[in-house]
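Analysis of the macromolecular model
Residue-level listing of the chains:
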Amino acid sequence: MTAPETVKQSAASPRASWREAWAVYLQPRVLIVLVLGFSSGLPLALSGSTLLVWMRESGVDLGTIGLFALVGTPYTLKFLWAPLVDALHVPLLTKWLGRRRGWLVFAQLLLIAAIMLLAVTDPAKSPFYVALGALLVAAASATQDIVVDAFRVESLPESEQAAGMAAYVAAYRVGMLISTAGALFLVSGFEATGLTKSIAWMWGYIAMAAMVLIGMIAALVATEPEQSRRAAEATSGESALTRVIGAAVGAFTEFLTRKDVWAVLAFVILYKFTDSFSGTMTAPFVIDLGFTRNDYAAIVKGVGLAATLVGGFAGGFLARAWSLEACLWTGGVLQAISNLAFAWLAYVGLNQWALALAITVENFTGAIGTVIFVAYLSSLCQSPLHTATQYALLTAFAAIGRTYLSAGAGYVAQATGWPAFFVLSVLVAVPSLILLAWLQRRGHFDTLRRRDAVPADA
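Residues numbered from 1 in each chain as written. Predicted model: local features only at pLDDT ≥ 70, side-chain atom pairs only at ≥ 80, totals over all residues. Heavy atoms only, no water.

1. A few points about the overall build of the protein chain
Scanning the protein chain from terminus to terminus reveals 25 helices and zero strands. Here the protein chain has a C-alpha radius of gyration of 22 Å; the compact-globule value for 458 residues is 23 Å, and the two agree. A principal-axis box enclosing the C-alpha atoms of the protein chain has dimensions of 65 × 65 × 40 Å. Among the 458 residues that make up the protein chain, the fraction classed as buried is 53%. A separation threshold of at least 6 residues defines the contact pool for the protein chain, and within that pool the share at least 24 residues apart is 83%. Working note: accessible area of the protein chain is about 20000 Å², and carbon and sulfur atoms make up 69% of it. Mean positive and mean negative side-chain charge positions of the protein chain (29 and 26 charges, respectively) differ by 2 Å. (Helix = DSSP H or I, 4+ residues; strand = E, 2+ residues; numbered from the N terminus. Rg over C-alpha atoms; globule rule 2.2 N^0.38 Å. Buried < 20%, exposed > 50% of the residue type's maximum accessible area, 1.4 Å probe, protein only. Contact = heavy atoms within 4.5 Å. Areas by Shrake-Rupley, 256 points an atom, 1.4 Å probe, with all protein chains shown as cover. Lys, Arg positive; Asp, Glu negative; His and termini not counted. Charge placed at Lys NZ, Arg CZ, Asp CG, Glu CD.)

See the structure below:
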């Protein structure tokens, strides 16, 4: 499927030079988003994989450990309290720092306290309190994500959204690396000094809590987004309850009254479906071919991480240089046809170099698609009165393809075999590309550009 008109840049958005496209990463507001990405990526493993290692070393049974998957629930349901973040003021902090930065520092203080609480628990003696601490860490982390997303959307113009997201994703992955491999090495180091295992784990988590201060410093150094400041002024005379109801209701009604809204929501659900459909089966596919756990860790995770980081920055570069619709076409087609690399690998078989090439292609193109897609989601959040709520809702819709539509991928692979499965995973991208063409012809992206061009005080 082709879209010849997408390769032309609109007159309202002149093509950036190559130097300008790279220079965007040095903009102070993009650098702030980068540091906040680190702060967002840091706590995820502390209530997830790193915590599970600690629990298993403490002798907790596998059944109990399995139940800890439920600790991630706040990340899925965060849109339920996003209106509170949009509407309520944090005592003192909002007055001193502003609407978004006040909430950001507040969430980070909660995060530090929750990690410290988790640090002093004992998985062997009190799994209930470990679960409570982990749930509090996840809730504080999800709240921080809500605020960071709103801050990023309101701070960056449309031309910098993809670059900001690329920087965010790169730092997010570094934060996750610190709280997984970094935390485990740190605990081993504490044990090497003669500390008991439980005390070593406690100090490891305390060190991770201290790392949250990096994001807090970024929040203090940053400036409050102008859109947020004006939105706060516009609602300053309203009661807290009125603001909360306005944020919750307004986020829905403002979005649902837009032209072609159901096609937009379908596109949001389907755009990354091709990636998630094949990605769900990556691990069993690699193991079925005969690769070892070490191969999986070193190539799928190690090489894949490097390709993801490079692809993220490449996506930010493309978004700076091309129009949004051209980027969506590029990302959509690339992330679909990259699945053919796995179909090829299925015929090659047990070959580490072939695996590294396939993983590089898939992660590189998938990261381009992700960064551009997030830039698109950000462009849909037009009102600073409920940015946090709208963005949280959009990401919840986007998760439908990843969580529910991809659930049957294993049955498809079992019925077709690996080569045919990955060919089919290319074809599932077609509906999203049809929707993209239809939205483009309906003037959807022209409307987004006109909204983005409206002055903040208009």
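2. Examining the pattern of salt bridges
Applying the stated rule across the entire model yields ten salt bridges. When the shortest N-O distance is used, the salt bridge between Arg100 and Asp86 registers 2.8 Å. Of the two residues, Arg100 sits in helix α8 (residues 99-119) while Asp86 sits in helix α6 (residues 82-87), which places them 14 residues apart along the sequence. For Arg100, a relative accessible area of 0% translates into the label buried. Residue Asp86 is classed as buried on the basis of its relative accessible area of 3%. (Salt bridge = Lys/Arg side-chain N within 4 Å of Asp/Glu carboxyl O.)

3. A few points about the environment of Leu324
Among the secondary structure elements, Leu324 is positioned in helix α18 (residues 324-337). Separated by 162 residues in sequence, Leu324 and Ala162 have C-alpha atoms that sit 9.6 Å apart. Once you skip the residues sitting within four places of it in the chain, Leu324 turns out to touch Glu158, Ile372, Tyr376, Ser379, Phe445, Leu448 and Arg449.

4. Describing the nonpolar core
Core analysis: the biggest nonpolar cluster contains 130 residues, and Leu51, Tyr205, Val268, Leu328, Tyr376 and Leu380 have the highest contact counts within it. Looking at which element gives the most residues to this core, the answer is helix α20 (residues 352-380), with 14 residues. Counting contributing residues per domain, this core is built from domain 1 (18-237) and domain 2 (250-453), each supplying no fewer than three. What Tyr376 contacts, discounting residues up to four positions off in sequence, is Val264, Phe267, Val268, Leu324, Leu328, Leu439, His444, Phe445 and Leu448. (Core = buried A, V, L, I, M, F, W, Y, C linked by side-chain atoms within 4.5 Å. Domains from an automatic or database assignment.)

5. Side note on the packing of aromatic side chains
One pass over the structure, following the stated rule, counts 19 aromatic pairs. With a centroid separation of 5.6 Å and 80 degrees between ring planes, the pair formed by Trp103 and Phe106 is classed as edge-to-face. A residue pair is termed a helical-turn pair when its members lie 3 or 4 positions apart in one helix, as Trp103 and Phe106 do in helix α8 at three residues. Taking 5.8 Å as the distance between ring centres and 40 degrees as the angle between the ring planes, the aromatic pair formed by Tyr168 and Tyr172 counts as tilted. With a gap of four residues between them, Tyr168 and Tyr172 both fall in helix α10 (residues 158-192), about one helical turn apart. We classify Tyr172 as buried; its relative accessible area is 17%. Cluster of aromatic residues (ring-pair linked, three or more members): Phe273, Phe277, Phe285, Phe342, Trp418, Phe421 and Phe422. (Phe/Tyr/Trp six-rings, centres within 6.5 Å; stacked < 30°, edge-to-face > 60°.)

6. A closer look at the environment of Thr242
Here Thr242 shows up in helix α13 (residues 240-256). By relative accessible area, which is 40% here, Thr242 ends up partly exposed. The spacing of Thr242 and Ala358 is 116 residues in sequence and 53 Å in space, taken between C-alpha atoms.

7. Notes on the state of the cysteines
Throughout the structure, instances matching the rule amount to zero disulfides. No disulfide involves Cys327; its sulfur sits 18 Å from that of Cys381, the nearest cysteine. Residue Cys381 is classed as buried on the basis of its relative accessible area of 7%. (Disulfide = S-S within 2.5 Å.)

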